Amino acid sequence: QVQLVESGGGLVQAGGSLRLSCAASGRTFSSYAMGWFRQAPGKEREFVARRGLSDYYADSVKGRFTISRDNAKNTVYLQMNSLKPEDTAVYYCAADTKFSSANARPSEYEYWGQGTQVTVSS
């Protein structure tokens, strides 16, 4: 079992930056691929980034967002720069036991955090 807790969301102006954190419980954190997803009101949950064997990003965030992890701290991060109003959403971190795959579908992730709100004003 893995429990995930996100933090770092908030209100920021367009062009600004935020760093999200996701702290994980459990002693096998390094064996999980970690992903970030987001969900805007009235929309489906969408893939943002993943770090497993390799890093993957949604086209909409490539070059602006960076995923990283610190296995010693059981934490994964999402650095978000050049934020746009369309980045407004609840952001979720998720863990996937299939470390070497390139899963971008929410259904492939076994564990989820509760989410943190990111609001970008224009």
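So, a few notes on the structure that sits alongside this text. (Residues numbered from 1 in each chain as written. Predicted model: local features only at pLDDT ≥ 70, side-chain atom pairs only at ≥ 80, totals over all residues. Heavy atoms only, no water.)

### Regarding the packing of aromatic side chains
For the structure on display, the rule yields 6 aromatic pairs. When the centroid spacing of 6.0 Å and the interplanar angle of 85° are considered together, the rings of Tyr32 and Tyr111 count as edge-to-face. One end of the pair, Tyr32, is in the loop between β3 (18–24) and β4 (33–39); the other, Tyr111, is in strand β10 (residues 111–112), and 79 residues separate them in sequence. The exposure classification of Tyr32 matches that of Tyr111, with both residues buried. Pairwise contacts between aromatic rings join Phe37, Phe47, Tyr92, Tyr109 and Trp112 into one cluster. (Phe/Tyr/Trp six-rings, centres within 6.5 Å; stacked < 30°, edge-to-face > 60°. Helix = DSSP H or I, 4+ residues; strand = E, 2+ residues; numbered from the N terminus. Buried < 20%, exposed > 50% of the residue type's maximum accessible area, 1.4 Å probe, protein only.)

### Description of the sheet that holds β3
In spatial order, the strands read β1-β3-β8-β7; together these 4 strands make up an open sheet with antiparallel pairing. The sheet terminates laterally at β1 (4–7) and β7 (65–70), the two strands that pair on one side only. Looking at each pair of strands side by side, their axes are set apart by 15° on average, direction ignored. In the sheet, β7 pairs with strand β8 (residues 75–80) via 6 bridges, with the strands oriented antiparallel. Residue pairing in the sheet places Ser68 in a bridge with Tyr77 of β8. (Pairing = 2+ DSSP bridges. Axes fitted to C-alpha atoms, helices over the stretch in contact; angles between N-to-C directions.)

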